[in-house]
2 protein chains.
Amino acid sequence: MEKQKVNVSMAVIRRLPKYHRYLSELVEKGVTRISSKEFGRGLGLNASQVRQDLNCFGGFGQQGYGYNVKELRDEIADILGIHRENNAIIVGAGNLGQAIANYSGFRGSGFELKGLFDLNPRLVGIRIGTVNIMDIDEMEDFIKKENINVGIICTPKEAAQETAERLVNSGIKAIWNFAPTILNVPDDVIVENVHLNESLRVLAYLIKEREVQNGI
Amino acid sequence: MEKQKVNVSMAVIRRLPKYHRYLSELVEKGVTRISSKEFGRGLGLNASQVRQDLNCFGGFGQQGYGYNVKELRDEIADILGIHRENNAIIVGAGNLGQAIANYSGFRGSGFELKGLFDLNPRLVGIRIGTVNIMDIDEMEDFIKKENINVGIICTPKEAAQETAERLVNSGIKAIWNFAPTILNVPDDVIVENVHLNESLRVLAYLIKEREVQNGI
């Protein structure tokens, strides 16, 4: 399966989790096979887009049959690395950090949350979900001891860059960033940003455009 | 400015908040003009992509001069509807709902958070940031009385569809959805999804791919 993975665009990669979710729903409903047309319709994509995307990874469909739902779901899960084990910590135990610590999706996506760090001494020791809030000064030791490979930044914007540098200096090469800022990190460090601000501004734009179209 | 807004793709729309943020940073630094090449470099895009995107909205640059940073920032703010006033409520006052209620980006993106609703009576009355948690049964009246036009869904996945239907039945036509599910709503209702799960799975994929490339 690794043989064809050349030049897969981020746009395709970002659709894979949607494919996986939709296929999981179909498996639950007892659907065993699906055409690329039906598959696309369920996701708001056309059939040729679905076929083209899946071809990037080797192409699992059979002409005249379509896709075997369960097989395709399992293939995509493998591609996504869902069965890997990544060890993550959260930095910043404010409201957002605590919400993310309670997020139930880690394990199902190949992650285990191992700890939560903050510089506020009043937060240290509090249990959130399955982990404890620890003092930020213990972070570097913890990363080495617990084999942490993913840092989740939930600090205020102002502390995010310094946090990223501390994580990178401790050997972390993958960051899930919730702070509304662009992190400056070495090229070999993966940063996946969750920019709520951008999502909210897209919503504002779409509302405004609809009002313009409706002549409001 | 409205004259050219035909067929603007979601990909372009999603880049506008990034443009706005970068230009705001430049204004703060005292930069007055920028070429499309420098502009692109600051955002990891090439110059022709930047020019093409901005042309969708009328094209603000001058050949040989580039863009006036402050003017372009203001134009993009207008396009994004940042100076509008949308009234929003959050449904679901768990960890995530409370984190979002404390999110400081609403006002700067054209939104005012007016309230927070939950069905848990133990949460009702608690103040989070600038708003109070209210009983979900008061939601429909509140939407009408306070002229709410945006609903933010922070409920568990299982309650999200029902919540969306209640919001739509109360006249809400724009939803910011944090629940990990695809909402079924009428065509004229805007849904902007924040799928943490998808973002996390993209991160898992990128980590796995790097390991494969490094032969781990």
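1. Notes on the overall build of chain A
Okay, so step 1: Broken down by element type, chain A carries eight helices and nine strands.
Okay, so step 2: Looking at the 216 residues of chain A, the share that counts as buried comes to 38%.

2. Here's the deal with the sheet that holds strand 5 (residues 127-128) of chain B
Okay, so step 1: What the seven strands build is an open sheet, ordered 5-6-4-3-7-8-9 (chain B); its pairing is mixed. Of all strands in the sheet, those bounded by a partner on one side alone are strand 5 and strand 9 (190-193) of chain B.
Okay, so step 2: Here four bridges tie strand 8 (residues 174-177) of chain B to strand 9 of chain B, and the two strands are oriented parallel to one another. Paired with B:Asn177 across the strands is B:Asn193, a residue of strand 9 of chain B.
Okay, so step 3: Of the strands in this sheet, strand 3 (86-91), strand 4 (111-118), strand 8 and strand 9 of chain B touch helix 8 (residues 196-213) of chain A, which is tilted by about 170° from strand 9 of chain B.

3. Here we look at the pairing of strand 3 (residues 86-91) of chain A
Residue and element names in this part refer to chain A.
Okay, so step 1: Most of strand 3 sits inside the fold, with five of its six residues counted as buried.
Okay, so step 2: The sheet contact formed by strand 3 and strand 4 (residues 111-118) spans six bridges and is parallel. The partner of Ala 88 across the bridge, within strand 4, is Leu 113.
Okay, so step 3: Handedness of the strand 3-helix 5 (residues 95-101)-strand 4 crossover: right-handed.

4. Notes on the relation of the copies chain A and chain B
Okay, so step 1: With an RMSD of 0.0 Å, chain A superimposes on chain B once it is rotated by 180° and translated 0.0 Å along the axis. When the rotation and shift are considered jointly, the pair of chain copies conforms to a two-fold rotation axis.
Okay, so step 2: When the interface residues of chain A are mapped onto chain B, 100% of them are again interface residues, pointing to one common binding face.

5. Focus: the interface of chain A and chain B
Okay, so step 1: At the interface, 43 residues of chain A touch 43 residues of chain B.
Okay, so step 2: Breaking the side of chain A that touches chain B down by element, the ones donating at least two residues are helix 1 (10-29), helix 4 (69-80), helix 5, strand 8 (174-177), strand 9 (190-193) and helix 8 of chain A.
Okay, so step 3: Looking at which element gives the most residues to the side of chain A that touches chain B, the answer is helix 8 of chain A, with 15 residues.
Okay, so step 4: The residue makeup of the side of chain A that touches chain B, split by class, is 24 nonpolar, 10 polar and nine charged.

6. Quick word on the domain arrangement of chain A
Okay, so step 1: Here chain A is partitioned into domain 1 (2-80) and domain 2 (86-198).
Okay, so step 2: A straight line from the C-alpha centre of domain 1 of chain A to that of domain 2 of chain A covers 31 Å.

7. Topic: the sheet that holds strand 5 (residues 127-128) of chain A
Residues and elements named next belong to chain A.
Okay, so step 1: Spatially, 5-6-4-3-7-8-9 is the arrangement adopted by the seven strands of the open sheet, whose pairing is mixed. Edge positions in the sheet fall to strand 5 and strand 9, since each of these pairs with one other strand and no more.
Okay, so step 2: Pairing analysis gives two bridges linking strand 5 to strand 6 (residues 131-135), with the strands arranged antiparallel. Paired with Ile 128 across the two strands is Val 131, which belongs to strand 6.
Okay, so step 3: Across the sheet, helix 7 (residues 157-169) is in contact with strand 3, strand 7 (150-153) and strand 8; its angle to strand 7 comes to roughly 170°.

8. Quick look at the packing of helix 8 of chain A against helix 1 (residues 10-29) of chain B
Okay, so step 1: Between helix 8 of chain A and helix 1 of chain B, the least distance of the axes is 9 Å, while the angle of their chain directions is 120°. One finds that helix 8 of chain A runs oblique with respect to helix 1 of chain B. Helix-helix and strand crossings are classified by hand; for helix 8 of chain A and helix 1 of chain B the assignment is right-handed. Note on element contacts: helix 1 of chain B touches helix 8 of chain A through B:Ile13, B:Arg14, B:Leu16, B:Pro17 and B:Lys18, opposite A:Asn197, A:Glu198, A:Arg201, A:Val202 and A:Tyr205.
Okay, so step 2: A per-class count over the contact of helix 8 of chain A with helix 1 of chain B returns five nonpolar, one polar and four charged.

9. Points about the nonpolar core
Okay, so step 1: With 108 residues, the main nonpolar core has A:Ile90, A:Ile152, A:Ile153, B:Ile90, B:Ile152 and B:Ile153 as its most contacted residues.
Okay, so step 2: Those residues within four positions of A:Ile90 in sequence are excluded, and the remaining contacts are A:Gly97, A:Ile100, A:Ala101, A:Leu113, A:Leu116, A:Ile152 and A:Cys154.

10. Comments concerning the confidence of the model for chain A
All names here are of chain A.
Okay, so step 1: Confidence in the prediction for chain A averages 88 pLDDT; 96% of positions are at 70 or higher.
Okay, so step 2: Below pLDDT 50 for its whole length, residues 1-6 participates in seven contacts with residues either more than four positions away or in separate chains.
Okay, so step 3: In the predicted assembly, ipTM is 0.85 and pTM is 0.76.

11. A few points about the packing of helix 1 of chain B against helix 4 (residues 69-80) of chain B
Residues and elements named next belong to chain B.
Okay, so step 1: Contact pair helix 1 / helix 4: the axes reach a minimum separation of 9 Å and the direction vectors enclose 145°. In this structure, the crossing between helix 1 and helix 4 has a hand that is left-handed. Along its contact with helix 1, which presents Leu 16, Pro 17, Tyr 19, His 20, Leu 23, Ser 24, Leu 26 and Val 27, the element helix 4 presents Val 69, Lys 70, Leu 72, Arg 73, Ile 76, Ala 77, Ile 79 and Leu 80.
Okay, so step 2: A per-class count over the contact of helix 1 with helix 4 returns 12 nonpolar, two polar and two charged.

12. Description of the pairing of strand 7 of chain A
Look at any regular strand and the pattern is simple: side chains alternate between the two faces of the sheet.
Residues and elements named next belong to chain A.
Okay, so step 1: Here strand 7 shows two buried faces, one formed by Val 150 and Ile 152 and the other by Gly 151 and Ile 153.
Okay, so step 2: Two elements, strand 3 and strand 7, share four bridges in a ladder whose sense is parallel. Paired with Ile 90 across the two strands is Ile 152, which belongs to strand 7.
Okay, so step 3: Both strand 7 and strand 8 contribute to a ladder of three bridges, which runs parallel. Bridge pairing links Ile 152 to Trp 176 in strand 8.
Okay, so step 4: As for the winding sense of the linkage, the β-α-β connection from strand 7 through helix 7 to strand 8 is right-handed.

13. Some words on helix 8 (residues 196-213) of chain B
Okay, so step 1: In this model, helix 8 of chain B (18 residues) spans 26 Å end to end at C-alpha, consistent with the 26 Å of a helix rising 1.5 Å per residue.
Okay, so step 2: In this structure, the buried residues of helix 8 of chain B make contact with helix 1, helix 4, strand 3, strand 4, strand 8 and strand 9 of chain A.

14. Observations concerning helix 1 of chain B
Okay, so step 1: In this model, helix 1 of chain B (20 residues) spans 30 Å end to end at C-alpha, consistent with the 28 Å of a helix rising 1.5 Å per residue.
Okay, so step 2: Burial in helix 1 of chain B covers these residues: B:Leu16, B:Pro17, B:Lys18, B:Tyr19, B:His20, B:Arg21, B:Leu23 and B:Leu26.
Okay, so step 3: On its buried side, helix 1 of chain B packs onto helix 8 of chain A together with strand 1 (33-34), helix 2 (36-43) and helix 4 of chain B.
Okay, so step 4: Positive backbone phi, at 85°, marks B:Gly30, one or two positions downstream of helix 1 of chain B.

Thresholds applied
Residues numbered from 1 in each chain as written. Chains lettered and ligands numbered in written order. Predicted model: local features only at pLDDT ≥ 70, side-chain atom pairs only at ≥ 80, totals over all residues. Helix = DSSP H or I, 4+ residues; strand = E, 2+ residues; numbered from the N terminus. Buried ≥ 20, exposed ≤ 12 C-beta atoms within 10 Å, placed from the backbone. Pairing = 2+ DSSP bridges. Contact = placed C-beta atoms within 7 Å. Axes fitted to C-alpha atoms, helices over the stretch in contact; angles between N-to-C directions. Right-handed = clockwise from strand over helix to strand, strands pointing away. Least-squares fit on C-alpha atoms with pLDDT ≥ 70 in both. Nonpolar A, V, L, I, M, F, W, Y, C, P; charged D, E, K, R; others polar. Domains from an automatic or database assignment. Parallel < 35°, antiparallel > 145°, perpendicular 65-115°, else oblique. Left-handed = near helix turned anticlockwise from the far one by under 90°. Core = buried A, V, L, I, M, F, W, Y, C linked by C-beta atoms within 7 Å. pLDDT = per-residue confidence, 0-100. Expected span 1.5 Å × (residues − 1).

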